[in-house]
Amino acid sequence: MSDRRTAVITGSTSGIGLGIAQRFAEEGMNVVLNGLSSPDEAEAARRAVDDRGDGKVIFHGADMTKPAEIADLIATAEKQFGGVDILVNNAGIQHVAKIEAFPAEKWDAIIAINLTSAFHTIRAAVPGMKARGSGRIINIASAHGLIASPFKAAYVAAKHGIVGLTKTIALETAEDGITVNAICPGYVQTPLVDGQIADTAKARGMSEEEVKNDVILKAQPTKEFVTVEEIADYALFLSSDAGRSITGAALAMDGGWTAQ
Ligand code: NAD
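So, here's what we can say about the structure. (Residues numbered from 1 in each chain as written. Predicted model: local features only at pLDDT ≥ 70, side-chain atom pairs only at ≥ 80, totals over all residues. Heavy atoms only, no water.)

1. Details of the overall build of the protein chain
And then number 1: Check the secondary structure of the protein chain and you find eight helices and seven strands.
And then number 2: Taken over the C-alpha atoms alone, the protein chain extends approximately 55 × 40 × 35 Å along its principal axes.
And then number 3: Pairs at least 24 apart in sequence give 72% of the contacts found in the protein chain among residues at least 6 apart.
And then number 4: Here the protein chain displays about 11,500 Å² of accessible surface, and carbon together with sulfur accounts for 52% of that area.
And then number 5: If the 24 positive side-chain charges of the protein chain are averaged to one point and the 32 negative ones to another, these points end up 3 Å apart. (Helix = DSSP H or I, 4+ residues; strand = E, 2+ residues; numbered from the N terminus. Contact = heavy atoms within 4.5 Å. Areas by Shrake-Rupley, 256 points an atom, 1.4 Å probe, with all protein chains shown as cover. Lys, Arg positive; Asp, Glu negative; His and termini not counted. Charge placed at Lys NZ, Arg CZ, Asp CG, Glu CD.)

Next up, the structure:
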């Protein structure tokens, strides 16, 4: 039990977070799932992860806009499993609109969920990692942490922000056996992107098919979506001993998008 590692993954009832949780479970880790989900959805996700391995899988419904709930997420993981070895900040939302029509409450929600929640989880998890002399923090940023696109003011600001947070905490923890990195994926076909295709179509006055071909796959030289499984394997590598010298990095995984 003592060498079984524990991972906390925010926003892991769907998409990329769920994929990372399943991959980590296959490696025998304990997993703390999180998301804004109905009890049925949460339990379905918990089972889908639990089935993959022999570690323990629990769900915590902390809302990533609520600092006290975020603190309780980390405290619950530490109490239940004795520590958080790997923290994956993945929860995120998107809203696509012209700046002059961008709702202020959407700005606030995106900054809270996509950026500030990671400040709260990291702040709560680092003391335990320092005490054990080891830890892995993986922030799921985006190609939009490295470059911008129009109509995504809050998302691009939050993702650039989380790259800055990644670098800062990497420097602060570099001598403590902790690594902190950001994975910057290009487009991955998840529920988040499905919603974005519809929103972008509205903002740009295009059909959804045109958005998929002329906006999304146009940006990605490979003309293919990045897959959830590829990101999960990358996160697993960063979590391994082989990843110990990679810290403070913003790692593009975007089919060549940001090479242009
Ligand atoms: P998704 O919509 O499939 O999943 C988002 C998850 O976040 C869900 O589990 C949801 O319940 C959770 N969540 C949303 N609001 C929350 C809140 N207030 N509190 C707690 N949990 C909350 O999205 P996805 O595409 O898997 O995205 C995951 C991450 O990857 C996001 O940070 C996103 O920005 C990033 N990303 C996605 C893509 C892509 O193309 N899909 C590309 C680059 C980066």
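Continuing now.
2. Re the nonpolar core
And then number 1: With 37 residues, the main nonpolar core has Val8, Leu87, Ile122 and Ile137 as its most contacted residues.
And then number 2: When contributions to this core are tallied by element, the ones reaching two or more residues are helix 3 (67–81), helix 4 (104–132), helix 5 (153–173) and strand 6 (178–185).
And then number 3: Of the residues forming this core, the biggest block, nine residues, is contributed by helix 4. (Core = buried A, V, L, I, M, F, W, Y, C linked by side-chain atoms within 4.5 Å. Buried < 20%, exposed > 50% of the residue type's maximum accessible area, 1.4 Å probe, protein only.)

3. A look at the pattern of salt bridges
And then number 1: Counted according to the given criterion, the structure contains 10 salt bridges.
And then number 2: Measuring nitrogen to oxygen at the nearest pair gives 3.0 Å for the salt bridge that ties Glu43 to Arg46. Linking Glu43 with Arg46, this pair stays in helix 2 (residues 39–50), spanning three residues, or about one helical turn.
And then number 3: Close ionic contact of Arg47 with Glu43 constitutes a salt bridge, the shortest N to O distance being 3.2 Å. Of the two residues, Arg47 and Glu43 both sit in helix 2, four residues apart, roughly one turn of that helix.
And then number 4: A relative accessible area of 29% means that Glu43 is categorised as partly exposed. (Salt bridge = Lys/Arg side-chain N within 4 Å of Asp/Glu carboxyl O.)

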